[in-house]
Structure formats: structure tokens, C-alpha cells
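# Tertiary structure, described
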Amino acid sequence: MNVVSPRQSKSSKREAGSISEGEMYACFSALSRISKAISGLRDLDAILKAGLDNIFEIMKDSVGGIMLFDKQTRLLYYHLHHKLSPRIISHMRLISGEGIAGKVAFTGQPMLIEDVTLESETAHPDIIVKEGFHSCISVPLRARGNVVGVINVINTMQSKFSKSDFLMLQAIGDQLGLAIEQANLYEQLRSGRERYRELSRRVITTQEEERRKVANNLQDKTSDKITALAATLQSLVTVSEKIETDEIDFKLKLKQSHALASEIAMELNSMIESLRPPFMDTLGIIQAIRHYVETNVIPSGIEVSFHLEYDGADLPIEIATRLFRVVQGVIGNIIQHSKAKNASISMQRYDDELVLRISDDGRGFDAGQFTRIQENGRGAGLFSIKEHTRLLGGRCAVQSSPGQGTHVTITIPLAKNPENIENQNITA
Ligand SMILES: Nc1ncnc2c1ncn2[C@@H]1O[C@H](COP(=O)(O)OP(=O)(O)OP(=O)(O)O)[C@@H](O)[C@H]1O
Ligand SMILES: [Mg+2]
């Protein structure tokens, strides 16, 4: 049998040593070309195609292809090929160990066969003769130590492949195997990231729905009753003031009860407002932001200036609500951490983008520290701001350093035509 497999052969070192300098140079430059062609490619098919194109650029008169294992049938099939006939493509579906390619896949050992027509183990000898195949090189493609496929290069002329062709293809096989491994890892990472994004989208959507439900319940079942109670107590206080009585303690307690009920009613209202932004449904995001600033920022002594060139009136409620959550998070941080004297909020609409900028002149912080949630839970607010923005398909840039204030820029893509914003998908 005229089969050579240097990885098995003890004499392979000596044979490799017989390769001329010119052949070595050609081999290295081919490898470097392939490496350049596939570097940076993440997609498996693009990697295999670049590898295959380069192989047949070097081995001009040959035919062949890359066989991979079908995930379902576990049969080796031609995933990509160069000038193979439809007959070969349809017939060459091999189980591991079957034919030359199957054997290479099974053993993981490359093979150089000088004349395939003399080879007893070919899968379809009749077709191989009809195709005029002569010599052949078959090398395994390995990813993470497992053979995932085979590269076959076949000569249809009487000329034989050289040892350097054989070594070069093995090296290309190893190189493509590594690239496949990386592509698989990248794919795992990508699909993991996609699952995470989907989960995160659901968490945020569910959170928003829950907030709305809790706010509605609080409004219907508690807030209205407390407000009614406060009003009743108010009228009792008024009546009691007109009554002549020595029960000073009674009057005082009544007044205190009224004050307490009013305080609870106000606190409940502000809880409801933070759960379900007011005016969002009726007056839109700008009024909701203004109201939030008036009730939360101004009392803390921070001056806020507005530069609103876009009123967001055409934003769908889902986008507006999410954007409001972002504003709430950023402004919440200004109140809680900035010690700022001034803050500014600007919103502009360009052709297909909404840009929201919120700045403060406070003490600033090291924004680089908060690229993720820290173990102690710090950073969750900024993380959620970025998640909300990302779910709108947008970008969030937080620029800050100690003593330099904080500048947050949110950019959200919008449909170019304002009429289409209504249909904009917010799942990013
Ligand atoms: N405008 C700001 N000025 C100064 N420091 C800020 C500002 N915004 C954020 N920070 C700093 O960044 C940290 C992280 O902010 P983040 O919103 O993620 O968490 P938090 O506000 O501490 O908690 P949470 O938002 O979950 O209530 C803050 O603890 C604070 O130190
Ligand atoms: Mg925060």
C-alpha cells in the first residue's frame, strides 16, 4: 500500500529534513498568508473558506475540500469544496473510520497516498476512478484535541504531492483547527452573552411591570384612603378648634394625627411617583423629568438648568419609561453622592439619534472603577443605567474623575422618520 504517514513513521524526521530550503520558504509563506487571512475572523465558515481558498491558491491544479462531521448524523460530509463534482459531494458521506477521510478522522493521523486507485480502503473506488483521482493528501482538523473534520487535497494528474506539500497541509490543518477552536469559543461566548441579554431584558421588563402593579395597588388600596383619612382629620381639627373644651391634649393629639396622616400620604405619593413616573402617559417624558427634579433635586439645594431642544413627545411610552429610569438613576446619584451646586439636563434630537446629557459640578468619582457591579453591591445603579440604555439599543458614557464633576451622555437610536418611532423595537 503506497500510503505515507510521517506522524506514525519513525523516519519522518529524516524525510522532513530532505525538504529543500525553497520548499520550506514556500511552506512558511503559505502558512503566514493563511494566518493573516484567518486572523480576526470569528465565523467558522469564513475561517474555513479563507483556509480553503489559500490552500488551492497554492496547490493550483488540485481539487478537494473540507469535510466536517454533521452534528446530527455524525457523518463526515463536504462542508466546503474546490472544484469537486456533484457526484463526489453527494456520495462522500462517511462514517468515522470509513474510506481514507474517515480513517484520518478516526485515527487523527494524516495520510499521503500516492495513487488512490491502488488503495483498497477508499470509500467509493468506482467513483474515484471515474473522477480520475490520482494522489491525495488527507489531514485532520482538530479543535480542543478532538478531530472535527478533515482537509482533502487530490491530484487528478499523474504528478505526485511532495513531502513539503504534505507537511504544509498538516501545518495548515493545525492552524485551521486552532482557528475553529477559537471560533467555537467565540460562538459560545456570543450565545452566552445573547442569553444574558435576553434574561436582562426580561428582568427589566418584569421589574417595570411589577413597579406599575405595586404603584397601582398602592394608589387604589392605600394612598387614596390615607389621603381621605388626612382630609377627615383636617376637618376634625377645624371642628375641634371651634369647640370649647379643656381637653388640650385631645386637640393636640388630633393635630398630630392629622400631621402624621398627611406625612404618610405625601410619602406614599412620592413612593408611587418613583414606582410609576407621573405625567408619562399624559404629558410625556419632559414633564415627568421636570416634576422629578422639582420634587427631588431642588429641595436638596442643587440648581438645575434645562436645555431641551427636543420634547420627546413622539417617543413611545416604553422608550420614554426606560429613558426616565435612566434619568432617575443619574439624578439619584447626583442627589446622593455629588455634593454638586449645579446640574444641567439637555436633550437633543438629531436625525436618527436622541442625545441626553446630564452633568453636575460636584466632587466626581473614578468612573473606571465601576465598569461592573462590585462584590459589595456598589455599582448596581450605574449598571442598571447602562442596561436600560443598552436595551434601547443605545450607548451610555459616564465621564467623571475626582474633583471634575460627572457627565453622563446617553445616546439612543431613533427611527429617522418621526412617524416610525411608534413602531421602534426597544429590545435592541
Ligand atoms: N454624580 C456622581 N457624583 C459623585 N459620585 C458618583 C456620582 N454618580 C455615581 N457616583 C459614585 O459611583 C458609585 C456607584 O454608583 P451607583 O449608582 O452604581 O451605586 P449607588 O448609587 O452607590 O447605589 P444604588 O444606585 O444601587 O442605590 C456611587 O456609590 C458613588 O460613589
Ligand atoms: Mg445610584
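As a reminder, the structure under discussion sits directly above these lines.
This section reports on the structure supplied with the text. (Residues numbered from 1 in each chain as written. Chains lettered and ligands numbered in written order. Predicted model: local features only at pLDDT ≥ 70, side-chain atom pairs only at ≥ 80, totals over all residues. Heavy atoms only, no water.)

## A closer look at the packing of helix α7 (residues 163–242) against helix α10 (residues 317–338)
Heads up, the rule is: Between N-to-C directions, angles cover 0 to 180 degrees, with each direction set by a line fitted to C-alpha atoms, over the stretch in contact for helices. Here a helix means four or more residues in a row that DSSP labels H or I, a strand means two or more in a row labelled E, and each is numbered from the N terminus. Comment on the angle field: the value is read as roughly parallel under 35 degrees, roughly antiparallel over 145, roughly perpendicular from 65 to 115, and oblique elsewhere. We call two residues in contact when some of their heavy atoms are within 4.5 Å.
In the contact formed by α7 and α10, the axes pass within 12 Å of each other and the chain directions differ by 90°. In terms of their interaxial angle, α7 and α10 are classed as roughly perpendicular. On the side of α7, the interface is formed by Ile-204, Thr-205, Glu-208, Arg-211 and Arg-212, while α10 contributes Thr-321, Arg-322 and Arg-325.

## Focus on the pattern of salt bridges
Applied cut-off: Here a salt bridge means any side-chain nitrogen of Lys or Arg lying within 4 Å of a carboxyl oxygen belonging to Asp or Glu. Only protein chains enter the accessibility calculation, which uses a 1.4 Å probe; a residue is then buried when its area is under 20% of its type maximum, exposed when over 50%, and partly exposed in between.
One pass over the structure, following the stated rule, counts 16 salt bridges. Measuring nitrogen to oxygen at the nearest pair gives 3.7 Å for the salt bridge that ties Glu-208 to Arg-211. Taken together, the residues Glu-208 and Arg-211, both in helix α7 and three residues apart, mark about one turn of the helix. Take Glu-208: its relative accessible area is 15%, and that puts it in the buried class. What makes Arg-211 partly exposed here is its relative accessible area of 24%. Residues Arg-395 and Glu-353 are paired through a salt bridge, measuring 3.7 Å at the closest nitrogen-oxygen approach. With Arg-395 in strand β10 (residues 395–400) and Glu-353 in strand β9 (residues 353–360), this pair connects stretches of sequence that are 42 residues apart. By relative accessible area, Arg-395 is classed as exposed at 51%. A relative accessible area of 26% places Glu-353 in the partly exposed class. A network of salt bridges, in which partner residues are shared, links Glu-187, Arg-190 and Glu-194.

## What about the sheet that holds strand β11 (residues 406–413)?
Going by this rule: Whether two strands pair comes down to DSSP finding at least two bridges between them.
Pairing is mixed in the open sheet, where five strands are placed in the order β7-β8-β9-β11-β10. Only two strands of the sheet have a single partner each, and these edge strands are β7 (303–308) and β10. Direction aside, neighbouring strands of the sheet carry axes that sit 10° apart on average. Inspection of the sheet shows β10 paired to β11 by six bridges, in the antiparallel sense. When the bridges of β11 are listed, Val-398 appears paired with Val-408. Sitting on the sheet, helix α9 (residues 285–297) touches β7 and β8 (342–350), and the angle it makes with β7 is about 170°.

## Quick notes on the site of ligand 1
Going by this rule: We call a residue near a molecule or strand as soon as one heavy atom of that residue lies within 4 Å of the molecule or strand. As used in this structure description, the phrase polar contact means that two N or O atoms lie within 3.5 Å; if the pair is within protein, one of them must be able to donate a hydrogen and the other to accept it, and residues adjacent in sequence are counted only when both atoms belong to side chains. Reported accessibility uses the Shrake-Rupley method at a 1.4 Å probe radius. Residues are deemed covered only where the shown protein chains occlude them. Lys, Arg, Asp and Glu make up the charged group, whereas Ala, Val, Leu, Ile, Met, Phe, Trp, Tyr, Cys and Pro make up the nonpolar group; the residues left over, Gly among them, are polar.
Taken together, 14 residues lie around ligand 1, and Asn-333, His-337, Arg-378, Gly-379 and Leu-382 are the ones closest in. In the environment of ligand 1, a nitrogen atom lies 3.0 Å from a nitrogen or oxygen atom belonging to the side chain of Asp-360. Here Leu-382 contributes a backbone N or O atom positioned 2.8 Å from an oxygen atom of ligand 1. Protein chains shield 80% of the accessible area of ligand 1, which is 590 Å² for the free molecule. Secondary-structure elements contributing two or more residues to the shell around ligand 1 are α10 and α11 (380–391). Per-element accounting of the shell around ligand 1 gives the leading share, four residues, to α10. Here the shell around ligand 1 is built from residues that sort into four nonpolar, eight polar and two charged.

## Remarks on the environment of Gly-177
Following the sequence through the fold, Gly-177 ends up in helix α7. In this structure, the C-alpha to C-alpha distance between Gly-177 and Ser-300, residues 123 residues apart in sequence, is 62 Å. If near-sequence neighbours (up to four positions away) are discounted, Gly-177 is found in contact with Leu-141, Arg-142 and Ala-143.

## Observations concerning the nonpolar core
What counts is decided by this rule: Buried Ala, Val, Leu, Ile, Met, Phe, Trp, Tyr and Cys residues form a nonpolar core when they are joined through side-chain atoms within 4.5 Å.
Judged by nonpolar contacts, the single largest core of 37 residues is most densely connected at Ile-285, Leu-315, Leu-323, Leu-354 and Leu-356. Elements supplying a minimum of two residues to this core: α9, α10, β8, β9, α11 and β11. Residue contributions to this core peak at nine residues, all from α10. Ile-47, Ile-55, Ile-66 and Ala-183 belong to the second largest nonpolar core, which has 32 residues in total.

## Focus: a nonpolar patch on the surface
The criterion, for reference: Like-charged residues are merged into a patch within 9 Å and nonpolar side chains (Val, Leu, Ile, Met, Phe, Trp, Tyr) within 5 Å, provided each residue has over 30% relative accessible area and no salt bridge.
Taken together, the side chains of Tyr-196, Ile-373 and Phe-383 define a hydrophobic patch exposed on the protein surface, amounting to about 250 Å² of accessible area. Its location among the elements puts Phe-383 in helix α11.

## With respect to unusual backbone geometry
If you check the backbone angles, Lys-83 has positive phi at about 55° while not being a glycine. Residue classification places Lys-83 among the exposed residues on the basis of a relative accessible area of 62%. Positive phi outside glycine occurs at Lys-339, with the angle close to 55°. Relative to the elements of secondary structure, Lys-339 occurs in the loop between α10 and β8.

## Digging into the packing of aromatic side chains
The following threshold applies: In this analysis, rings of Phe, Tyr and Trp, with Trp reduced to its six-membered ring, are considered paired at centre separations within 6.5 Å, and the interplanar angle assigns stacked below 30 degrees, edge-to-face beyond 60, and tilted for intermediate values. Remark: a charge is flagged as sitting over a ring if the NZ atom of Lys or the CZ atom of Arg is within 6 Å of the ring centre and within 35 degrees of the ring normal.
All chains considered together, the criterion is met by one aromatic pair. A ring pair is formed by Tyr-292 and Phe-324, whose centres lie 5.8 Å apart and whose planes are at 80°; its orientation type is edge-to-face. Placement of the pair is Tyr-292 in helix α9 and Phe-324 in helix α10, with a sequence separation of 32 residues. Directly above the ring of Tyr-186 sits Arg-42, whose terminal nitrogen or CZ lies 4.6 Å from the centroid. Across from the ring centre of Tyr-310, 5.8 Å away, lies the NZ or CZ of Arg-349, which sits over that ring.

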